Amino acid sequence: MLSLEEAQSRAQDLVTAARRAGADAADAIYACNASTNVSVRLGALEDVERSEGEEIGLRVFIGSRSASISASDMNPATLATLVDRCIAMAGQAPEDPYAGLAPEDRLLKGALPELDLTDPFEPEPADLRARALLAEEAARAVPGVTNSEGGGAATGRSQMALATSHGFAGAYAGTSHSTWASVLAGTGADMQRDHASHSVRHIADLDEADAVGTRAGERAVARLNPVKVGSGVMPLIFDPRIGSSLMGHLIGGMVGPAIARRSSFLLESLGEALFDSAITIIDDPLRPRGLRSRPFDGEGLPVERRALIDRGVLTGWLMDSASARQLGLEPTGHASRGGSGAPGAGVTNVHMEPGTLSPGELMADVKRGLYITELIGMGVNGVTGDYSRGAAGFLIENGELGQPVSEITIASNLKDMFRALVPADDLTFRYGMNVPTIRVDGMTVAGG
């Protein structure tokens, strides 16, 4: 794996070559990933996988025409061919008045913020195997667990470098450590499956492997003997594991490209109160050790902590430079991109700030409702906001969790769900997108 300095230099060299070949402007992105994954099943080693890969992407502009291309072969002759092909492609591309590099006066200047994303410790495969075995063993030890899909542990490192022809060059790296387990409970047609996992930047922050395994086993056993539930309108409470998906739908409606295409259910909602005034949702790319933290965006712009929803109100769109130009606005530092293609827009570490009620208090007045722990399918219309998904979870009766339920469909409209949403006080930071337990009243449930 290249050093950060070498990665940045490689991207800069490709940009320089493109400019010499006739490009009016260019940018290049270099990405490298290396990971080791060990999996076990039923106490025996099942797989040891080591993967390494690198890719470099070039985007060139000739007037208002642009093209992009990528390669995984870093041979100088290959990269020279890459430049020539990209220039030729751009010459044949349609004109796009909105395409271009980010505004030069908005580029990140000076030193990159220090985010503590890299852990110097790299576990050996034997360490990963021991952790995987411990996680699966703990899961299988839970009474009621009858089979296993396995346990696993992994470690990895990624690096990214970006260079532009108008003055930006930067690179950063990140590490990852993870543990998982997936098991089955029950027998025959009554078997139920569930899992647990944990991923972090630094191994010191990783849950103990037996705790991960125990969670997986307990979750699977809790789902045994599900009952049918009658159809009706009732309050639903979403477990933090899956409640974050609602924030994903919100963000999908906020990205600049969707707004520019007029294909978002939030199109007329800028500045409106979408949620109760107690709700604030934050995007924080600068969180130390955050799973999605980054010191700059996909176009070299600075990033900052920002309220996407401020006391219930939608504050603005998430924009890369192209969608910002199309809308007559400014880019917001939310550009994201892969090795090829134009940048899109996205978020980093997102969380909903906690409420004041405990999860128990949140459901205390629910006479009959559902606690949702799994969502199935993708029946969400990003243009209208109509929401319909398969689900599983537990009955709530008289404020208490009851029997497991499965084979149900829950439905509403996202805007109605946002207005009715109430968060609990149990926010923890475990994923790239984090929410506390959340309650949404007035959803339609169709039972099996």
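On a predicted model such as this, the values are computed, not experimentally measured, just so you know.

What counts and how
Residues numbered from 1 in each chain as written. Predicted model: local features only at pLDDT ≥ 70, side-chain atom pairs only at ≥ 80, totals over all residues. Heavy atoms only, no water. Helix = DSSP H or I, 4+ residues; strand = E, 2+ residues; numbered from the N terminus. Polar contact = N/O pair within 3.5 Å; in protein donor to acceptor, adjacent residues only side chain to side chain. Phe/Tyr/Trp six-rings, centres within 6.5 Å; stacked < 30°, edge-to-face > 60°. Buried < 20%, exposed > 50% of the residue type's maximum accessible area, 1.4 Å probe, protein only. Contact = heavy atoms within 4.5 Å.

J.: So what about the environment of N147? Which residues, and what values?
T.: Structurally, N147 is set in strand β4 (residues 145–164). Sequence spacing of N147 and D297 is 150 residues, and the spatial spacing of their C-alpha atoms is 44 Å. A polar contact is formed between the side chain of N147 and the side chain of R41, at a distance of 3.3 Å.

J.: Would you mind going over the packing of aromatic side chains in detail, with residue names and values included?
T.: Tallying each qualifying case throughout the model produces four aromatic pairs. On the basis of an interplanar angle of 80 degrees and a centroid distance of 5.3 Å, the ring pair of Y172 and F296 is categorised as edge-to-face. A residue pair is termed long-range when its members are at least 10 positions apart, and Y172 in strand β5 (residues 169–185) and F296 in the loop between β8 (281–283) and β9 (306–310) qualify at 124 residues. In terms of burial, Y172 and F296 fall into one category: buried. Seen from their ring centres, F275 and F418 are 4.7 Å apart, and the 20 degrees between their planes marks the pair as stacked. Of the two residues, F275 sits in the loop between α6 (256–260) and β8 while F418 sits in helix α9 (residues 414–420), which places them 143 residues apart along the sequence. With respect to class, F275 is no different from F418; both count as buried. Three or more aromatic residues joined by ring pairs form one cluster here, namely F168, Y172 and F296.

J.: Before we move on, could you go through the environment of D207 and cite the residues and values that matter?
T.: Residue position: D207 is located in the loop between β6 (192–200) and α4 (209–222). Taking relative accessible area as the criterion, D207 reaches 21% and is therefore assigned partly exposed. Spatially, the C-alpha atom of D207 lies 9.0 Å from that of S197, the residues being ten residues apart in sequence. Non-local contacts of D207, meaning those with residues more than four positions away in its chain, are made with H198, V212, R215 and R430. Here R215 takes part through its side chain, which lies 3.1 Å from a polar atom of the side chain of D207. A distance of 3.0 Å separates the side chain of D207 from the side chain of R430, its partner in a polar contact.

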